[in-house]
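# Geometric and topological summary
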Amino acid sequence: MPSARVRPALVAVAAAASLVAACHATPRPLPVPAPVRPQWRVVELALPAGAAGRPVPRDAARCAGRWYVVGGLVDAAGETRPAAWSSSDGVTWSPIPVRGQTFYGRQHVLYAVACRGDGMAALGAKTGGVHGNPRTGTWVWGPGGPLREVPAAFELFGGPRAVSASRLAAGPGGWLVAGARVDGAAVWSSPDAEGFVLREGVAELAGDGRGRTAAYDVAAVGSGWLVVGSLLPPGGTARVPLAWSSADGRVWRRAALPVPAGAAGAAERVASADSGPVVLGPVGDRFAVWRGCDDCGSPSTGSAGAAQGWRRVGGFGTAGPGVSSVDALAAAGRRLVAVTGDGAQRRLWMSRDGGVSWLPVITPASVPDGGDAALAVAVGDDGLLVVADDGKTSRAWWGALPVIDR
């Protein structure tokens, strides 16, 4: 038997040998979280009475226990008309009567929807005119009535200064559209969605000596607004993700969202969750997630461009420069559901913890990323609605979530 004096040395040698063996052993793979598998069932977006064509759904939303889908109908000749549907349970859907009032409005495809209480509004567009630019307009709906086009001056959303009208949000402060004009990010505001006022060239929101800005999405946060987008510095090619906050839609504060040194990206979607505002966008080779925070400073740009008021809380998926995008983001409680595109395929993701961790969601069908294809989602307390268009066929599904995901 070895003496007590040499026993520690033998233990140390054995431990060292174990460490060497461990270093040369094949690493044990970490467990891969199981994807979310909703119990999918097909739902039908019925055609309006007397209508013909194929539904082309483009966006979905849920408010006050009611679900909405907007898009259009396209016939065999490629002619389009606006269309919308509503449901009280996400399973049984009815078409909403639609009343266009202008030549291009009657050909719109509705591409963005927002709602509050029992009201709904949408953005629609149709390419046309001498220069082939989108002819964009707004639509408004209330219970018992049709979805009505709101006539507006051509240069409200179009004209020589037009760039984009991207997304629409509703909140206690009214309705807000986020987009861009030739001098950078811009917004359109309305108390009731019956008519919008353009606000362009606004300090901090628009481009300036720091670079050109663009806004991609908007969410109501409390009684105010949060807009997200990007900044392209002068002479640069790498975008910087930005967020703007406003109490009234007139005066804006800018924040650069934190990214690794030298990394490029954009803030493309925003949603209000129970955990606070959550922002998604491609940064480097992943999709980044930022969350607003009360304990990391006020939402303004600090020294050396450091962001205050925002914390990067995670990332997921695979992104690539120039081709990847976050196409949709919906929230219900602490649950978030996102649609991303990687240049080849659109994918669905879910977070149960306010955006910190994400799981892939098994979808009923694959949807390509690009062309005339679209994948949109809305989420509720016990399930989610997915509408898809692969450019040839359109489908919709209601997915009951497993108990663990509720």
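Refer to the structure presented above.
The structure reproduced in this document is the subject of the present report.

Next up on the list: the pattern of salt bridges. Enumeration over the complete set of coordinates arrives at 16 salt bridges. Residue Asp59 pairs with Arg167 through a salt bridge whose shortest N-O separation is 3.2 Å. Placement of Asp59 in strand β2 (residues 54–63) and of Arg167 in strand β11 (residues 162–171) is noted, with a sequence separation of 108 residues between them. The exposure classification of Asp59 matches that of Arg167, with both residues buried. Between Arg148 and Glu194 there is a salt bridge, with the nearest N and O atoms lying 2.6 Å from each other. Of the two residues, Arg148 is situated in strand β10 (residues 147–150) and Glu194 in the loop between β13 (184–190) and β14 (197–199); the sequence distance between them amounts to 46 residues. The partly exposed category is assigned to Arg148, whose relative accessible area is 23%.

In spatial order, the strands read β1-β30-β29-β28; together these four strands make up an open sheet with antiparallel pairing. In this open sheet, the two strands that pair with only one neighbour each are β1 (39–43) and β28 (374–379). When the angles between neighbouring strand axes are averaged without regard to direction, this sheet yields 20°. Inspection of the sheet shows β28 paired to strand β29 (residues 383–389) by six bridges, in the antiparallel sense. By the bridge assignment for β29, Ala376 is matched with Val387.

What follows deals with the pairing of strand β17 (residues 240–246). By the criterion of burial, β17 is predominantly enclosed, with five of the seven residues buried. As paired elements, strand β16 (residues 224–232) and β17 share seven bridges and run antiparallel to each other. Within the sheet, the bridge partner assigned to Val227 lies in β17 and is Trp244. Relative to strand β18 (residues 253–256), β17 is paired through four bridges, and the arrangement is antiparallel. Paired with Ser245 across the strands is Arg253, a residue of β18. Taking the residues between adjacent antiparallel strands as the criterion, β17 and β18 are bridged by six residues, where Gly249 takes a positive phi near 80°.

Take the sheet that holds strand β12 (residues 174–181) next. Strand order in the open sheet formed by four strands is β11-β12-β13-β14, with antiparallel pairing between adjacent strands. Either end of the sheet is taken by a strand with one partner, and the two such strands are β11 and β14. For this sheet, the mean inter-axis angle between neighbouring strands, taken without regard to orientation, is 25°. Both β12 and β13 contribute to a ladder of seven bridges, which runs antiparallel. Pairing of Trp175 across the sheet is with Ser190, part of β13.

Judged by nonpolar contacts, the single largest core of 21 residues is most densely connected at Val337, Leu348, Met350, Val377, Leu384 and Val386. Only β23 (325–332), β24 (335–341), β25 (345–351), β26 (359–361), β28 and β29 provide two or more residues apiece to this core. Formed by 18 residues, the second largest nonpolar core is a distinct cluster that contains Leu45, Ala51, Trp67 and Val69.

Here Gln107 shows up in the loop between β6 (98–99) and β7 (109–116). Of the residues examined, Gln107 reaches a relative accessible area of 15% and is grouped as buried.

In this section: the packing of aromatic side chains. Two measures describe an aromatic ring pair: the distance that separates the ring centres and the angle between the ring planes. Within the structure shown, the criterion is met by seven aromatic pairs. Look at Tyr68 and Trp141: their rings are 5.7 Å apart centre to centre, the planes differ by 65°, and that puts the pair in the edge-to-face class. Here Trp141 lies in strand β9 (residues 133–141) and Tyr68 lies in strand β3 (residues 66–74), a separation of 73 residues in the sequence. In this structure Trp141 comes out as buried when scored by relative accessible area, which is 11%. Between the aromatic rings of Phe316 and Trp358, the centroid separation amounts to 4.6 Å while the plane-to-plane angle is 20°, which identifies the pairing as stacked. Placement of the pair is Phe316 in strand β22 (residues 310–316) and Trp358 in the loop between β25 and β26, with a sequence separation of 42 residues. On the basis of relative accessibility, which here comes to 3%, the residue Phe316 falls in the buried class.

As a further point, take the environment of Pro368. One can find Pro368 in strand β27 (residues 367–368). Taking the C-alpha atoms as reference, Pro368 lies 9.1 Å from Arg347; in sequence the two are 21 residues apart. Excluding residues that lie within four positions of it along the chain, Pro368 makes contacts with Ala344, Gln345, Arg346, Ala373 and Asp390.

With that settled, the discussion passes to the state of the cysteines. All told, the structure shown has one disulfide when counted by the stated rule. Note on cysteine connectivity: Cys63 is disulfide-linked to Cys115, with sulfurs 2.0 Å apart. As the torsion about the S-S bond is roughly 85°, the Cys63-Cys115 disulfide counts as right-handed. Linking Cys63 in strand β2 with Cys115 in strand β7, this pair joins segments that are 52 residues apart in sequence. Each member of the pair, Cys63 as well as Cys115, is classed as buried.

About the thresholds
- Residues numbered from 1 in each chain as written.
- Predicted model: local features only at pLDDT ≥ 70, side-chain atom pairs only at ≥ 80, totals over all residues.
- Heavy atoms only, no water.
- Salt bridge = Lys/Arg side-chain N within 4 Å of Asp/Glu carboxyl O.
- Helix = DSSP H or I, 4+ residues; strand = E, 2+ residues; numbered from the N terminus.
- Buried < 20%, exposed > 50% of the residue type's maximum accessible area, 1.4 Å probe, protein only.
- Pairing = 2+ DSSP bridges.
- Axes fitted to C-alpha atoms, helices over the stretch in contact; angles between N-to-C directions.
- Core = buried A, V, L, I, M, F, W, Y, C linked by side-chain atoms within 4.5 Å.
- Phe/Tyr/Trp six-rings, centres within 6.5 Å; stacked < 30°, edge-to-face > 60°.
- Contact = heavy atoms within 4.5 Å.
- Disulfide = S-S within 2.5 Å.

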